[in-house]
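Each chain is listed here by its residues.
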Amino acid sequence: MQNNQSKSERQMHIRNFSIIAHIDHGKSTLADRLLEATETVEKREMSEQVLDNMELERERGITIKARAVRLSYTAPDGEHYSLNLIDTPGHVDFNYEVSRSLNACDGALLVVDATQGIEAQTLANAYLAVDAGLEIIPVVNKIDLPSADVDRCRNEIEEIIGIPAEGCPAVSAKTGLNIDSVFEAIVRDIPAPDGDENAPLKCLIFDSYYDSYLGVVVNIRVVDGKIKAGDRIRLMSTGKEFDVVEVGVLDPFGLKKTDELMAGDVGYLTASIKSVGDTRVGDTVTLADDPADKPLPGFKKVLPMVYAGIYPADGAKYGDLRDALEKLRLNDASLVFEPETSIALGFGFRCGFLGLLHMEIIEERIEREFNLDLITTAPSVIYEVEKTNGEKCRIDNPSDYPPTEEISTAYEPVVKASIITPSEYVGGLMDLCQDRRGTFIDMKYLDTDRVELHYTLPLGEIVYDFFDALKSRSKGYASFDYELDGYVPSKLVKLDFLLNGEQVDALSFIVHADKAYGRARKIAERLKESIPRQLFEIPIQAAIGSKIIARETVKAMRKDVLAKCYGGDVTRKKKLLEKQKEGKKKMRQLGSVKVSPEAFMAVLKFDDND
Amino acid sequence: MTDKTLVNKSIGIYIHVPFCLSKCSYCDFYSNPLAHSKEYADSYADAVIKYLHAASAYLGDRTVDTVYFGGGTPTVLPSRSLVTVLDSVFQYFNVDAEAEITTECNPGTANLDYFKDLRSAGFNRLSMGAQSFNDNELRILGRIHTSDGFVRAYSDASLAGFDNISADLMYGIPEQTEQSFAFSVDRLVSLAPAHISSYALTLEVGTPLYKRTGELPFPDEDTTANMYSALVDTLAQNGYNRYEISNFAKKDRESRHNLRYWQCLDYLGVGPGAHSCIDGIRFSTVTSTEAFLSEKDFPTSLRNITETPLTDTVEHLTKTDAATEFLMLGLRLARGVSLDELQTRFDVSIDTLLDTPLDPYIGQGFMTLTDGVLAFTDKGFFVSNYILSDLLSF
């Protein structure tokens, strides 16, 4: 089964693998059981889901960053193995990181929920694994549940993905049932790593993070050669050089220093590196004085796909927000930001994200870990504009959108989307895609009651809660995956909003002309509902250029009187006025109009009916 | 009227009677259902008299120009209780011959003889809660009387010789409409009381009405604004002058006691939960009838007050605090606030009290500043809360 002739005895006892799965199919639980079964982690030390150690990851049940851990496994025949489990992010926003992590592996466990069968993400990740040339071992999970259907699941794996699944491990990660069969399959079916220990060094970076004591810790798979402390290394994409301080392996509870790492090993290195921006995922590490002739294939610098303005709800916290973003960037090379000023919201930052999930995660981490309240403007994708004077520009901020008369052609990014759904929801989901300006590509029956739909969709339509709409129209059963598919010409306009005759820059966004009227009306209505009555009447207008396309009015406040106020009430009434004053202080003054941050956010939220 | 002599030398006395037959659904004032506190009620007058006696030690040189019995429902006590308390006020204090002496009174708790007892003891003003002339609305409010009951009590009081009667009306009651409120206003005007107070129902947290918020249809902001507006018009047409945001009086029939509050003049409040403000010290008595009744040594000086456990809260008002309150309360009055008086009494100029300039509010017709007097306009009264919380720096 394996060609092991070129592999060393050391390499024969290493397996590098990852676990891929659709969200909720039990990836993290399986990882926990593997750790526990190898006694790498004592059961009493286990909190749930050792790998997902970011609070947010645990709550959302997803892995945000790649992570690796070495398991020590003793086979029934007495042989000792080092099994390196490289955990991959489980979301489409991080597809590039997934592909790099997979490239660090030789095989993958494909976990499929025996009660759900194959889902879009299972498929997408399985294809990534196939593309990376990995040996795939299907693992049917959750067989303890009454509705588990192992045979159907195996059939699906064979028919839809096209890999043999007969006799593949069928387990319950939750109870630990049949976990041994997974280990046996790993050792038997996943190839041991190859690579020439004596060739020039080539290491693949699949993750890096900042540690305040060690500097950047770089997680690597050594492909060829060897690396030890004291070596001078070079990062091949940038040519930057560093001196290795330490190398080692990744134990479940931390780094374990070793003398050297050799071809086939998975581990870490530190080299007094200050910024994760220097250690991009996918880059190749080589030795400065004996460099490899060419880097490992597949490196690319990931670029943000979605931009939004992030502002502190309390303008005085601008400095705190900057500190928070800088701290997060230490560990997240894909987060980009630069200062931005909004007339409406004051000082803040224009931030770029890999996708909506990434954006939500950053927002949540700032709010939780740094205790800041934020106002976030509507997310925008990057548009491209060809001007009449021949100039081309990329627009990530509606404020920079040129006036209509200066635009020759505008382009918007589109994605190829794949949706897997029970057939009863197909109609509703096709309506949704139609409504979001999708172009139908094809439709495949996966089995009698499940369908895979393919559409081309504008990315700009997906960032407006497409995922929530999809879930609500399929009662949560449909799954969704997409990849960027370039730019197409599009009829775009910039929609502005005016309160009391003054334009509120933070509310502007770019939208397809056919959608402009509907959105304008909706948002004008929502502004009307959210803006508290004030001493004067407030006209709300939506405009494209100088043309008003929707209007609403917030009527003037009619009555705000403390009815009674006698001797015993003075202190209490004073407190009431004080409280009202405090409330007003939290409001944003948009020209002459006061708007609460909550109202602002309410306006920017979209729902299925938008 | 508010020269320094008066500020220093006069005082109003408020006597709190913390008993009711039953509690109204919107009320969060301190009171006990009478049925469960009969023994307290009997000894209550004695305790108040002792308190007044002790207080005369430091207020004996003041002229008492208003006395006000409030509650609760003062008239759930036998008339002799109110009478002996008032007698003791006359005995211990220097009461002005023209003093205004009021008791609150709920329809259904007093009859003709009762009113006669009060009138002959020296009470010269009544404040009666009508609230509504629609019996369904009265039920929602948890009032113990019907609209007919109010009319009966009102005529008994008139017969007993009370010619200075104030009546309360409420708007913004669940299920109330502009029509039903207009009807109540008309009915009340036809009785021609000397004074009318009309309040928007305020939902206080924890009251039975508050708990029913979800199930009852409350009139919205526009409707209550219309009600208030119609009220102001109707009362003006019938010779009532709106001298305070929610208070309307025929000529010379303003509530002199309540005017003391709005002008920040001194008052002594007697009874559990009652508030006082004397010489820049505001204090309140603990909200416990039991504690009040079992007290042996009531405070005999302002210093004692801050030291006795019977005192709940004490605030020493700075000049800025006091001046801010003077603005907050004084602007409730139609005549407004004299900036000279502000300067003289509190030694501060208005600029130091304000967060934002007055000009826009004057320019847009919410306020006027004429001959050194700052006042809300009609339009400004409607939204005075909003403007005050803009203006004042607390």
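Structure shown above.
Residues numbered from 1 in each chain as written. Chains lettered and ligands numbered in written order. Predicted model: local features only at pLDDT ≥ 70, side-chain atom pairs only at ≥ 80, totals over all residues. Heavy atoms only, no water.

### Thoughts on the overall build of chain A
The criterion, for reference: Numbering goes from the N terminus for both helices and strands, where a helix is a DSSP run of H or I of at least four residues and a strand is a run of E of at least two. Per-residue accessibility, obtained with a 1.4 Å probe over protein chains only, is compared with the maximum for each type, and a residue is labelled buried under 20%, exposed over 50%, and partly exposed between these values. Contacts are assigned to residue pairs that have any heavy atoms within 4.5 Å of one another. All accessible-area figures derive from a Shrake-Rupley calculation using a 1.4 Å probe, and residue coverage is judged against the displayed protein chains alone.
Helix and strand content of chain A: 15 helices and 33 strands. For chain A, the proportion of its 610 residues judged to be buried stands at 57%. In chain A, the proportion of contacts linking residues at least 24 apart, taken out of those at least 6 apart, comes to 69%. Roughly 25,700 Å² of accessible area belongs to chain A as shown, and the carbon and sulfur atoms make up 48% of that amount.

### Quick notes on the pairing of strand 1 (residues 10-17) of chain B
All names here are of chain B. Our working rule: Paired strands, as defined in this entry, are two strands with at least two bridges between them according to DSSP.
Burial analysis of strand 1 places 8 of its 8 residues in the buried class, which makes it a mostly covered element. Across the two faces of strand 1 the burial is the same, with S10, G12, Y14 and H16 and I11, I13, I15 and V17 all buried. Looking at chain direction, strand 1 and strand 4 (residues 63-71) are connected through 8 bridges and run parallel. The residue bridging Y14 from the neighbouring strand is Y68, located in strand 4. Pairing of strand 1 with strand 11 (residues 267-270) involves 4 bridges; the strand directions are parallel. When the bridges of strand 11 are listed, I13 appears paired with L268.

### Description of the interface of chain A and chain B
Our working definition: Simply put, the buried area is the total loss of 1.4 Å probe accessible area from both parts when two parts are fitted together. By convention in these notes, a salt bridge is any Lys or Arg side-chain nitrogen within 4 Å of a carboxyl oxygen on Asp or Glu. Any N or O atom pair separated by 3.5 Å or less is treated as a polar contact, with the protein-specific requirement of one donor-capable and one acceptor-capable atom, and with residues adjacent in sequence counted only for side-chain atom pairs.
Contacts between chain A and chain B engage 29 residues on the former and 45 residues on the latter. Roughly 3,500 Å² of surface becomes buried between chain A and chain B when both sides are summed, with 54% attributable to carbon and sulfur atoms. Of all residues in chain A, L535, R558 and K559 of chain A give up the largest surface area on contact with chain B, accounting jointly for 21% of the area buried on that side. At the junction of chain A with chain B, the criterion picks out 9 salt bridges. At the boundary of chain A and chain B, one finds 22 residue pairs in polar contact (both at pLDDT 80 or more).

### Thoughts on a negative patch on the surface
Residue and element names in this part refer to chain A. Keep this limit in mind: A residue counts toward a patch only above 30% relative accessible area and without a salt bridge, and it is joined to like-charged neighbours within 9 Å or, for Val, Leu, Ile, Met, Phe, Trp and Tyr, to nonpolar neighbours within 5 Å. For this count, His and the chain ends are skipped, Lys and Arg are scored as positive, and Asp and Glu as negative. The atom standing in for a charge is NZ when the residue is Lys, CZ when it is Arg, CG when it is Asp and CD when it is Glu.
Taken together, D314, D320, D323, E326, E367, D373 and E598 make up a surface patch of like negative charges. Ranked by residues supplied to the negative patch, first place goes to helix 8 (residues 318-330) with 3 residues. With respect to the helices and strands, the residue D323 is situated in helix 8.

### Quick word on the pattern of salt bridges
Following the criterion strictly, the structure yields 52 salt bridges over all chains and no others. We note a salt bridge from D189 of chain A to R188 of chain A, for which the minimum N-O separation is 3.1 Å. Owing to a relative accessible area of 49%, R188 of chain A belongs among the partly exposed residues under this scheme. With its nearest N and O atoms 3.3 Å apart, the salt bridge here joins E341 of chain B to R345 of chain B. Here R345 of chain B and E341 of chain B lie together in helix 14 (residues 339-346), a separation of 4 residues that amounts to about one turn. Relative accessible area serves as the criterion here: at 18%, E341 of chain B is assigned to the buried category. The exposure class of R345 of chain B is buried, given its relative accessible area of 15%. In this structure, a network of salt bridges that share partners links the residues E412, R437, E461, K515 and R519 of chain A.

### Examining the packing of helix 10 (residues 426-435) of chain A against helix 12 (residues 466-473) of chain A
Any two packed helices are characterised by the angle at which their axes cross and by the distance between the axes. All names here are of chain A. This is how the line gets drawn: The convention used is that axes are lines fitted to C-alpha atoms, helices contributing only their stretch in contact, and that angles between N-to-C directions extend from 0 to 180 degrees. Any angle that is under 35 degrees is reported as roughly parallel, and any over 145 degrees as roughly antiparallel; angles of 65 to 115 degrees are reported as roughly perpendicular and all others as oblique. Crossing handedness is defined as follows: a turn of the near helix away from the far one that is anticlockwise and smaller than a right angle gives a left-handed crossing, while the clockwise case is right-handed. In this classification, Asp, Glu, Lys and Arg are treated as charged, Ala, Val, Leu, Ile, Met, Phe, Trp, Tyr, Cys and Pro as nonpolar, and every other residue, Gly included, as polar.
Interaxial distance between helix 10 and helix 12 falls to 9 Å at its minimum, and their mutual angle equals 160°. Considered as vectors, helix 10 and helix 12 are oriented roughly antiparallel to each other. For helix 10 against helix 12, the interelement crossing comes out right-handed. For the pair helix 10 and helix 12, contact is made by G428, L429, D431, L432 and C433 and by F466, A469, L470 and R473, respectively. In terms of residue class, the contact of helix 10 with helix 12 is made up of 6 nonpolar, 1 polar and 2 charged.

### Observations concerning the sheet that holds strand 15 (residues 337-338) of chain B
Residues and elements named next belong to chain B. Strands sit in the order 15-17-16 across an open sheet of 3 strands; the sheet is antiparallel. The two strands at the open ends of the sheet, each matched to only one other strand, are strand 15 and strand 16 (367-370). Strand direction decides the pairing type here: strand 16 and strand 17 (residues 373-376), joined by 4 bridges, are antiparallel. Across the sheet, residue T368 finds its bridge partner in strand 17, namely A375.

### Description of the nonpolar core
Most often, soluble globular proteins have nonpolar side chains that are buried together. Threshold: The set of buried Ala, Val, Leu, Ile, Met, Phe, Trp, Tyr and Cys residues whose side-chain atoms join them within 4.5 Å is what this entry labels a nonpolar core.
I15, L268 and M367 of chain B are the most contacted members of the largest nonpolar core, which has 130 residues in total. If one sorts the elements of this core by residue count, helix 2 (residues 38-59) of chain B sits on top with 12 residues. If sequence neighbours within four positions are ignored, I15 of chain B has contacts with V48, L52, V67, Y68, F69, G70, V85, V89 and V270 of chain B. Membership of the second largest hydrophobic core comes to 82 residues, among which are I419, L470, I523 and L590 of chain A.

Worth remembering: the numbers are spatial, not functional.
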